[in-house]
Amino acid sequence: NKKEKEFLSGLLANLAVEEENVNPIVDGGGQQAFLSGLKSSNTKTVTSSSRALGRIADTSKDNLEWLIKEGATTDLVDMLSEHEDNAEVVECALSVLTKFATSGEYVSHIEQIGGVGEVIEILSQNSKDESIVDNSLAFVEHLATVDYDMERLVNAGTLNSILDAMDTHKDSEAIQLN
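Residues numbered from 1 in each chain as written. Predicted model: local features only at pLDDT ≥ 70, side-chain atom pairs only at ≥ 80, totals over all residues. Heavy atoms only, no water.

Participant: Quick question: what am I supposed to make of a nonpolar patch on the surface here?
Facilitator: Taken together, Phe7, Leu8 and Leu11 make up a surface patch of nonpolar side chains, about 320 Å² in accessible area. Structurally, Phe7 can be placed in helix H1 (residues 2-16). (Patch = residues over 30% accessible without salt bridge, like charges linked within 9 Å, V, L, I, M, F, W, Y side chains within 5 Å. Areas by Shrake-Rupley, 256 points an atom, 1.4 Å probe, with all protein chains shown as cover. Salt bridge = Lys/Arg side-chain N within 4 Å of Asp/Glu carboxyl O. Helix = DSSP H or I, 4+ residues; strand = E, 2+ residues; numbered from the N terminus.)

Here is the structure:
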């Protein structure tokens with residue numbers, strides 16, 4: 001039953017929030033349920049699954065590599081465009097993509113599947129949504145920590161989007177400091 005599966009996936013995702021539950025979930029193959037949850041039509045399942053995958057990726061490089069190999073990055077990038085009208089889903093996908101961008105190799109992968117361009121587009125189209133801007137800027141800022149060629153971002157118009165967002169959210173310390 002689809003509803004039961006979504007409920008159980010959400011329940012498992014809630015358990016993954018606690019670090020001590022991550023290894024037993026991974027050992028039991030639970031990350032596969034989260035990958036399936038990213039493709040759900042239920043946005044609560046999508047967000048809880050992506051948060052759980054972010055937590056799993058945080059716990060070890062092996063988990064992160066497995067998730068990337070299994071297509072989680074592509075699914076997260078797809079979430080950005082498929083759910084562009086749902087701020088919670090977009091914020092969640094941006095946050096987890098930032099966790100996946102831990103090395104130049106992984107960032108190259110994200111860029112190859114269109115993820116960097118999608119984040120730039122989201123930033124330029126959502127300058128009024130503080131949380132989306134904050135998560136987009138965190139991703140862009142993170143790119144600098146893995147020696148990404150920032151000139152590519154400038155050439156893509158990212159600087160103007162950042163300045164627009166900073167102007168729109170003058171009172172947001174998080175945005176001003178990102």
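Moving on from the coordinates now.
Participant: Any chance you could explain the side chain of Asp75 here in plain terms?
Facilitator: With respect to the element layout, Asp75 can be found in helix H6 (residues 72-82). On the basis of relative accessibility, which here comes to 12%, the residue Asp75 falls in the buried class. In contact with Asp75, not counting residues within four places along its chain, are Leu35, Leu38 and Lys39. (Buried < 20%, exposed > 50% of the residue type's maximum accessible area, 1.4 Å probe, protein only. Contact = heavy atoms within 4.5 Å.)

Participant: How should I be thinking about the confidence of the model for the chain in this particular structure?
Facilitator: Do not read the predicted coordinates in detail wherever pLDDT is low. For the chain, mean pLDDT is 89; residues scoring 70 or higher make up 100% of the total. Mean pLDDT across the secondary structure elements of the chain bottoms out at H1, with 80, and peaks at H6, with 94. (pLDDT = per-residue confidence, 0-100.)

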